[in-house]
Every structure is written in structure tokens, then in C-alpha cells.
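Overview (structure and organization)
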Amino acid sequence: MKPVNEMKLVIPSRSANESYARVAVAAFAAQLDPTIEEINDIKTAVSEAVTNCIVHAYRDKIGTIFLTVKLFEEGKISIKIRDSGCGIENVEQAMEPLFTTAGEERAGLGFAVMESFMDKLTVRSKPGKGTTVSMEKRLKARPLRV
Amino acid sequence: MSVKIEHRDKVMTAYLEGEIDHHSARSIREQIDDEAQQSKPQTLLLDFGRVSFMDSSGIGLVMGRFRLMSELGGSLKVVNTPPHIAKVMRLAGMERLNVLEKENGR
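Residues numbered from 1 in each chain as written. Chains lettered and ligands numbered in written order. Predicted model: local features only at pLDDT ≥ 70, side-chain atom pairs only at ≥ 80, totals over all residues. Heavy atoms only, no water.

**Observations concerning the sheet that holds strand β4 (residues 75–79) of chain B**
Residues and elements named next belong to chain B. Keep this limit in mind: Two strands pair under a simple rule: DSSP has to find at least two bridges between them. Each helix corresponds to a stretch of at least 4 residues labelled H or I by DSSP, and each strand to a stretch of at least 2 residues labelled E; elements are numbered beginning at the N terminus. Interaxial angles span 0 to 180 degrees and are taken between N-to-C directions of axes, which are lines fitted to C-alpha atoms, for helices over the stretch in contact.
Overall, mixed pairing links the 4 strands, which are arranged β1-β2-β3-β4 in an open sheet. If you trace the sheet from one side to the other, it starts and ends with β1 (2–8) and β4, each paired once. Across the sheet, the axes of successive neighbouring strands diverge by a mean angle of 20°, strand direction being ignored. Two elements, strand β3 (residues 43–54) and β4, share 5 bridges in a ladder whose sense is parallel. The partner of Leu44 across the bridge, within β4, is Leu76.

**Considering unusual backbone geometry**
Condition: The rule is simple: take the accessible area with a 1.4 Å probe, protein chains only, and divide by the maximum for that residue type; under 20% is buried, over 50% is exposed, in between is partly exposed.
The backbone phi angle of Glu74 of chain A is positive, close to 65°, even though this residue is not glycine. Looking at the element boundaries, Glu74 of chain A is found in the loop between β2 (64–72) and β3 (76–83). Take Glu74 of chain A: its relative accessible area is 57%, and that puts it in the exposed class. A positive phi angle, close to 60°, is found at Asn98 of chain B, a residue other than glycine. Along the polypeptide, Asn98 of chain B turns up in the loop between α3 (83–91) and α4 (102–105).

**A look at the side chain of Ser78 of chain A**
Residue and element names in this part refer to chain A. Basically, it comes down to this: Should any heavy atoms of two residues lie within 4.5 Å, those residues are considered in contact.
Locating Ser78 in the fold gives a position in strand β3. Of the residues examined, Ser78 reaches a relative accessible area of 16% and is grouped as buried. What Ser78 contacts, discounting residues up to four positions off in sequence, is Thr68, Val69, Lys70, Phe72, Met135 and Glu136.

Below, the structure written as C-alpha cells:
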């Protein structure tokens, strides 16, 4: 299916950009006329994915984070967040709630939040190459205002 | 993000305001911990009433303060959580820590 609108965002993995990334995605998603709860769900999921890039993928350096957001008819949004960082050895283990390799009070809930707040979550990763997180959410039926 | 801290008797209240994410969590944590280490309160109240956004970094923040208060021999309470923040807390199973205020925690 062809998207009716699409945006790309490329940012360095600085923690100050966590807020910018989720707000930018939320502003774009506003075209689907989401509810406040839906917008909060999307912002939270994006925040988790971008934080993973910063804390894990580019642990000791500043790398580039690529976001692609597509809006489809019938209120579907797809969000892809890609890095070319260290990758994940064991994706299944990384996705288990409470599993974390980072110190500094990380709860290990990033993927659990993405999974719960979005309808679909796919994680593809190659150690040494990077990780792509793809998420989808179907918003309650509303006419598209694009 | 800002934190305003008040002391009354042996209760220390931290009024959190703004967005809690990985970026902002560190300074919040440091401000609260510095104060709590000095004043050693019996109860630490984290007031989320003016928090507009929180991701799982906020869970780390609550869990860490829970541990701190246990070390200090006191207790932690989380109050005034807006619906979205309560949703993240529920997902994390925070009810089990028994720190959420019942009436507002939803």
C-alpha cells in the first residue's frame, strides 16, 4: 500500500534530541487527527526507540539516527527507526521485559513499552551493522486531513 | 524539566514538572538524591502532577528512589500521576511496589 504522506528525520544520537524526535513524529502524526492517548503512545514508543539508539547502539560515540514515518489511508502510521551502531547479539533476549545491559537506572522496558503502546513491532539487527525498529499503529477511524 | 523540593516535618516532596526522559532523568535524580541524603526524610513524595511526558526512564527514576528510601529506612510515595504516566507505571508493574497513591493513580 502506498503511503499518503511521508517524512524523514536524520539526527545525531545526542540525548537532547530524544525530545525533538518524539515531538517531530507526533507533529507529523497529527495529520491523522489522533486522540491525546494515541499521540502519547506514539511519543512514548519513539522516545524508547531513539533512547535505545543513544544508550546502546552508539554507546561510546555519536552516530546517526534515521527516522522514517509514513501515514496511510484509514489512519495507519508506520515508524521506522534505524541506526548503524553496534547491533544486538540476541534480539529475543533484548526484548524481554526488564532485560538491560545498561547501568544508570535503565528499567529494561523499552521494547515492552513499544510493543504495548503500538500495534506491531519488528526488530531487525546485525551485530556490528546496526538495528532497525519498525512499528505500526492503526488509529481510530477518522477522515484523513492531508 | 524542573524539580521543586519542599520539606515538611519528615516528609520531603519533589514536585516534578515537564518531560521525563533519558536526557532529563539524570539531573532530576541528582537533585532529589542530594536533598534526600542530607535531610534523610521518613517519606519521599514524588509529585507527578505537572509532568507532561514520561517514558520508561521515569520508571528507572521511581525504582531508584524506591531503593534509596529503603536504604535510608524510609518510604516512597508516587502521587498525582496523570493518565498517560499511570499507563506507563502500570505497564511496568509498579503496583507491586505499593508506592502508587490509590485515588489518583487510577
